[in-house]
Amino acid sequence: MNDSVLKFYDEIAEDYHLIFVDWNQAISQQGEVLDKIIQSKLAISPPHHISLLDCSCGIGTQAIGLAKYGYNVSATDLSPASVKRAEEEAVSRGVNINFGVADFRSLDKDVSGSFDIVLSADNAIPHLLTDGDLNKAFENIHTKLNQNGLLVVTIRDYDALVQERLTTTQPRVFDEGKRIVFQVWDWAGDGKTYTTNQFIVQEINGEWVTKHNRIEYRALLREDINEALSATGFKDIEWHLPADSGYYQPIVTARKF
């Protein structure tokens, strides 16, 4: 993970909601599913007794959704522009979240306190392109968790994607044909990494405007994640697939004992 990740999220922060058909609906739906997963794994209630750190919060999709359920949420991200947008969105929705800028490879020094839950959603972990960075992130997350704390991570289903090697996503057409969103993927020869080209094409005041951003990901298989979690001290590793959870990505949970 390098400066290109920071550049990507700083540049797309203003428009990130446009990749959703309805971002407000996504906030509610994702909050609902994640709340159910958390409640099934933690013997703590009600939610306002649960401290949660969203360590890759972006513009606040999951942090806001879970704060609405009453969780005591802190949220950090590598991108200052994303954090600023998330703060504004949280205030406009009347939820109280403690925001900050932090790299999830250095949470131990960047974030004070410890938490019952650490969350990283929306395929953020696969920005870690080396085993060293992946282990460093999980080590820092492990440090920030209370004893018996829960890690929740959502990522793309790379077990399926590396077999298919898709080169483009199906264009999604919103706003009665006025907004089109799609991605083009450039795979490395070994199939272990790929570059996502994110396109948002929008008609604005009669003119068609195309916005393009690029970012690199690592196609992390479930066994890769399991190995890294085990190596950094996590136990009770469990995968929750979309067919069962209702979430749009696979979710992995793990515990600190």
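You'll find the structure just up there.
A brief look at the structure comes next. (Residues numbered from 1 in each chain as written. Predicted model: local features only at pLDDT ≥ 70, side-chain atom pairs only at ≥ 80, totals over all residues. Heavy atoms only, no water.)

## Here we look at the side chain of serine 74
- Along the polypeptide, serine 74 turns up in strand S2 (residues 72–77).
- Classification of serine 74 by relative accessible area gives buried; the value is 12%.
- Dropping the residues within four chain positions of it, serine 74 is found in contact with Leu52, Leu53, Asp54, Ile97, Asn98 and Phe115. (Helix = DSSP H or I, 4+ residues; strand = E, 2+ residues; numbered from the N terminus. Buried < 20%, exposed > 50% of the residue type's maximum accessible area, 1.4 Å probe, protein only. Contact = heavy atoms within 4.5 Å.)

## Details of the nonpolar core
- In terms of nonpolar packing, the biggest core is built from 79 residues, with Ile38, Ile97, Ile117, Ile125, Phe138, Ile141 and Ile225 touching the most fellow members.
- The element contributing the most residues to this core is helix H2 (residues 23–41), with seven residues.
- Beyond its immediate chain neighbours, meaning those up to four positions away, phenylalanine 138 contacts Ile125, Leu151, Ile225, Ala228, Leu229, Thr232 and Phe234. (Core = buried A, V, L, I, M, F, W, Y, C linked by side-chain atoms within 4.5 Å.)

## Notes on the packing of helix H6 (residues 131–144) against helix H8 (residues 222–231)
- Their axes nearest at 9 Å, the elements H6 and H8 cross at an angle of 55 degrees. Judged on the interaxial angle alone, H8 and H6 are oblique. Classified by chirality, the crossing of H8 by H6 is right-handed. The residues of H8 that touch H6, namely those facing Leu134, Asn135 and Phe138, are Asp224, Ile225, Ala228 and Leu229.
- Split by residue class, the contact of H6 with H8 holds five nonpolar, one polar and one charged. (Axes fitted to C-alpha atoms, helices over the stretch in contact; angles between N-to-C directions. Parallel < 35°, antiparallel > 145°, perpendicular 65-115°, else oblique. Left-handed = near helix turned anticlockwise from the far one by under 90°. Nonpolar A, V, L, I, M, F, W, Y, C, P; charged D, E, K, R; others polar.)

## Notes on helix H3 (residues 61–68)
- Within H3, seven of the eight residues are buried, leaving the element largely enclosed by the surrounding structure.
- All buried positions along H3 are accounted for by Thr61, Gln62, Ala63, Ile64, Gly65, Leu66 and Ala67.
- Check the buried side of H3 and you find it contacts H2, strand S1 (51–54), S2, helix H4 (80–92) and strand S4 (115–120).
- Taken from the residues just after H3, glycine 70 is the one with a positive phi, measuring 100 degrees.

## A short note on the sheet that holds strand S3 (residues 98–101)
- Taken together, the seven strands give an open sheet; going across it, the order is S3-S2-S1-S4-S5-S11-S10, and neighbouring strands pair in mixed fashion. A strand with exactly one partner marks an edge of an open sheet, and here the two such strands are S3 and strand S10 (235–240). Within this sheet the neighbouring strands show an average axis-to-axis angle of 15 degrees, counted without direction.
- Direction of pairing for S1 relative to S4: parallel, over a ladder of three bridges. Residue pairing across strands places leucine 52 opposite isoleucine 117, the latter belonging to S4.
- Where H8 meets the sheet, its contacts fall on strand S5 (145–154), S10 and strand S11 (251–255), and the angle it forms with S10 comes to roughly 160 degrees. (Pairing = 2+ DSSP bridges.)

## What about the layout of surface pockets?
- Computed from the structure, the largest pocket encloses a volume of approximately 890 Å³.
- Those elements that place two or more of their residues in the lining of the largest pocket are helix H1 (3–12), H2, helix H7 (158–164), strand S7 (179–187), strand S8 (193–204) and strand S9 (207–218).
- When residues in the lining of the largest pocket are grouped by element, the largest group, five residues, is from H2.
- Taken together, the residues that form the lining of the largest pocket break down as 21 nonpolar, 11 polar and six charged.
- Computed from the structure, the second largest pocket encloses a volume of approximately 160 Å³.
- Looking at the second largest pocket, the residues that line it are Leu129, Val162, Asp190, Gly191, Lys192, Thr193, Arg218, Ala219, Leu220, Leu221 and Asp224.
- Class assignment for the residues of the lining of the second largest pocket results in five nonpolar, two polar and four charged. (1 Å grid on protein atoms, 1.4 Å probe; cavity = no way out; pocket = protein on both sides within 12 Å on 5 of 7 lines; lining within 4 Å. Points joined across faces, edges and corners; volume = space filled by probe spheres on them.)

## Digging into unusual backbone geometry
- At aspartate 175, a position not held by glycine, the phi torsion is positive, near 50 degrees.
- Locating aspartate 175 in the fold gives a position in the loop between strand S6 (172–174) and S7.
- Phi at aspartate 236 is positive, roughly 50 degrees, even though this residue is not glycine.

## Quick word on the packing of aromatic side chains
- In total, this model carries 10 aromatic pairs according to the counting rule given.
- On the basis of an interplanar angle of 65 degrees and a centroid distance of 6.3 Å, the ring pair of tryptophan 185 and tryptophan 187 is categorised as edge-to-face.
- For tryptophan 185, a relative accessible area of 6% puts it in the buried group.
- For tryptophan 187, a relative accessible area of 16% translates into the label buried.
- With a centroid separation of 5.1 Å and an interplanar angle of 40 degrees, the aromatic rings of tyrosine 247 and tyrosine 248 are classed as tilted.
- Note on tyrosine 247: relative accessible area 3%, which makes it buried.
- By way of ring pairs, the aromatic residues Tyr158, Trp185, Trp187, Tyr194 and Tyr217 are connected into one cluster.
- Here the basic side chain of arginine 222 rests over the ring of tryptophan 239, its NZ or CZ set 5.8 Å away from the ring centre. (Phe/Tyr/Trp six-rings, centres within 6.5 Å; stacked < 30°, edge-to-face > 60°. Lys NZ or Arg CZ within 6 Å of the ring centre and 35° of its normal.)

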